[in-house]
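Letter by letter, the chains look like this.
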Amino acid sequence: MYLDRIVETKRREVQQLKETLNIAEAERHIAAMPPTRGFEEALRRPKRSNMALIAEVKKASPSKGLIREDFHPVQLAEAYEAAGADCLSVLTDRDYFQGSSEYLTAIRQAVSLPLLRKDFVIDETQIYEARLIGADAVLLIAAILPEKRLRELKTFAEALGLDTLIEVHNAEELETVLAVTDRGLIGVNNRNLHTFETSLKVTAELAALVPERALLISESAIRNAEDVAYVSANGAHGVLIGETFMRRPVIGEAVTEVMGPLPDVLLSGFGNSIEKGLR
Ligand SMILES: O=P(O)(O)OC[C@@H](O)[C@@H](O)c1c[nH]c2ccccc12
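Residues numbered from 1 in each chain as written. Predicted model: local features only at pLDDT ≥ 70, side-chain atom pairs only at ≥ 80, totals over all residues.

**Looking at the nonpolar core**
Thinking step 1. Of all hydrophobic cores here, the largest spans 74 residues; its most connected members are Tyr-80, Leu-88, Leu-116, Val-138, Val-239 and Val-255.
Thinking step 2. Residue contacts for Leu-88: discarding those within four places in its chain leaves Ile-54, Ala-55, Val-57, Ala-77, Tyr-80, Ile-107, Leu-113, Leu-115 and Leu-116. (Core = buried A, V, L, I, M, F, W, Y, C linked by C-beta atoms within 7 Å. Buried ≥ 20, exposed ≤ 12 C-beta atoms within 10 Å, placed from the backbone. Contact = placed C-beta atoms within 7 Å.)

**Quick word on the site of the ligand**
Thinking step 1. The environment of the ligand is formed by 14 residues, the closest being Glu-219, Ser-220, Ile-241, Gly-242 and Glu-243.
Thinking step 2. Elements with a contribution of two residues or more to the shell around the ligand: β10 (238-241) and α11 (243-246).
Thinking step 3. Partitioned by chemical class, the residues of the shell around the ligand number four nonpolar, four polar and six charged. (Near = placed C-beta within 6 Å. Helix = DSSP H or I, 4+ residues; strand = E, 2+ residues; numbered from the N terminus. Nonpolar A, V, L, I, M, F, W, Y, C, P; charged D, E, K, R; others polar.)

**Re the environment of Ile-30**
Thinking step 1. Take Ile-30: it is sitting in helix α2 (residues 23-32).
Thinking step 2. Ile-30 gets classed as partly exposed once you count the C-beta atoms within 10 Å, which come to 13.

**Thoughts on the sheet that holds strand β8 (residues 184-189)**
Thinking step 1. Taken in spatial order, the eight strands line up as β1-β4-β5-β6-β7-β8-β9-β10 and close into a barrel, and their pairing is parallel. Put simply, the sheet's adjacent strands are angled 25 degrees from each other on average, direction ignored.
Thinking step 2. Sheet topology note: the strand β4 (residues 87-91)/strand β5 (residues 115-118) ladder contains four bridges and is parallel. Among the inter-strand pairings, Leu-88 is bridged to a residue of β5, identified as Leu-115. (Pairing = 2+ DSSP bridges. Axes fitted to C-alpha atoms, helices over the stretch in contact; angles between N-to-C directions.)

This is how it looks when you write it as structure tokens:
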């Protein structure tokens, strides 16, 4: 199973990271860094008032192979920002998603949106690393973390100023997460990470179990405006979309098609660049 293989790879990466990361130095460095940008906060006040967007920078995936050949992470991030994404997700896993920590760092320097480090976090060292490379939030996947580790890693991330997006795929995982927290960001992954099967019904089923004060993000397999309307009507406050945008030559066009136009007040601010064709 893929997820097991990925976690094996992460164990090896963590071993290496432990050999190279000087914790005292990391903490000193982090203390001198600017504060993180509020990832959750940005999603709680989305630009399109009815639906928040986390747009993903994703070159490839184990289920789809290479998704975008013409892949320039900074340009993509800038196009997402101009198109009014609320936050970005950047895949940093190298072996399975052809991602890179360097993509995240380069994007950090080019855009002002809050950034999620999208990876398979199993250890505190990866959270130090996330903060050091410029992330504002980390993903924690309930399918690979028992309750105790979820709690520990969430607390650890928050101590470094990072928000967490906790991902679930079924009611059992959701129950575990709710034992840890009943607020914050809960991601419902419409893709089963073991089988790669997708269904938006997963969002609808689990939304009924998510408490009011948590923010539900519907992740994966969202292809068009109808899908967004469906998850919205079924309890999602936000969506996380990668492949649909990555397959389109003009990112801004795709974002507008799927999410709808930005409100006029926001458009006027970047009027020029938008007129010049970013949209
Ligand atoms: O490209 P999609 O189908 O729009 O999906 C984006 C995102 O949800 C997906 O990349 C994802 C969700 N959870 C993950 C965990 C690890 C790696 C990747 C993911």
